[in-house]
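Read off the chains here:
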Amino acid sequence: MKKLMFLALLTGLAAAVAGCDRDPMSEKGFRLPDGDPVAGREAFLYMQCNQCHTIRGEELPRVPLADPPFVELGGPVTKVKTYGELVTSIINPSHKLASGYAEEVVSVDGESKMYVYNDYMTVQELIDIVMFLQPHYDVVVPEFHYRVYP
Ligand code: HEC
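On a predicted model such as this, the values are computed, not experimentally measured, just so you know. (Residues numbered from 1 in each chain as written. Predicted model: local features only at pLDDT ≥ 70, side-chain atom pairs only at ≥ 80, totals over all residues. Heavy atoms only, no water.)

A.B. asks: Mind laying out helix 3 (residues 83-91), listing which residues take part and the relevant values?
C.D. replies: Listed as buried for helix 3 are Leu86, Val87 and Ile90. The buried side chains of helix 3 occupy one side of the element, clustering within an arc of 100 degrees when seen end-on. Considering only its buried residues, helix 3 is in contact with helix 5 (123-133) and strand 6 (137-139). (Buried < 20%, exposed > 50% of the residue type's maximum accessible area, 1.4 Å probe, protein only. Helix = DSSP H or I, 4+ residues; strand = E, 2+ residues; numbered from the N terminus. Arc of directions from axis to C-beta. Contact = heavy atoms within 4.5 Å.)

This is the structure we're talking about:
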């Protein structure tokens with residue numbers, strides 16, 4: 001009897017796990033083709049993303065009369081910045097606001113201050129920009145300073 005209950009539980013669990021994959025909005029299976037980071041840099045400047053962004057480790061011209069928020073892209077992160085996250089930040093900026101900034105600096109009524117480029121940016125430009133940006137993120141393991149008690 002116990003064995004049967006265990007089996008039923010297992011089947012239920014398997015169904016629940018499989019059920020997760022049936023979400024029609026799941027990003028499962030999403031994969032970008034490889035892009036060209038040099039073309040990505042060009043597209044970044046052409047779209048004037050530098051109006052609001054600096055990139056860690058990259059010298060970019062300033063856009064005259066640009067009104068910041070200057071949000072730095074790249075730099076140290078505690079976990080890998082994935083292509084999926086970068087694509088989402090670009091085509092759906094309000095989905096999840098960049099962390100480390102006061103909400104009122106980067107958004108108005110919960111909407112990101114970033115422009116939505118979806119009607120203007122080609123898919124190739126998006127791919128190249130993401131390929132250009134991704135290597136600017138460095139995964140760092142946070143250091144813990146243990147205090148040694150005598
Ligand atoms: C008008 C200002 C503005 C422009 C222009 C702009 N952005 Fe942004 N961007 C923001 C702001 C503000 C944020 C932070 C809020 C958020 O996460 O949407 C942001 C966030 C981002 C993030 C996420 C950063 C993080 O740490 O999570 C990426 C990636 C990004 N922008 C890329 C771009 C690219 C690529 C372009 C050009 C195609 C661009 N942005 C143009 C204002 C702008």
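A.B. asks: I'd like a description of unusual backbone geometry, backed by residues and values.
C.D. replies: Even without being a glycine, Gln48 presents a positive backbone phi close to 60 degrees. On the secondary structure map, Gln48 appears in the loop between helix 2 (37-46) and strand 1 (53-55). When its relative accessible area of 38% is taken as the criterion, Gln48 is described as partly exposed. Positive phi outside glycine occurs at Asp109, with the angle close to 50 degrees. Along the polypeptide, Asp109 turns up in the loop between strand 4 (107-108) and strand 5 (111-112). For Asp109, a relative accessible area of 78% translates into the label exposed.

As far as function goes, none of this settles anything; it's purely spatial.
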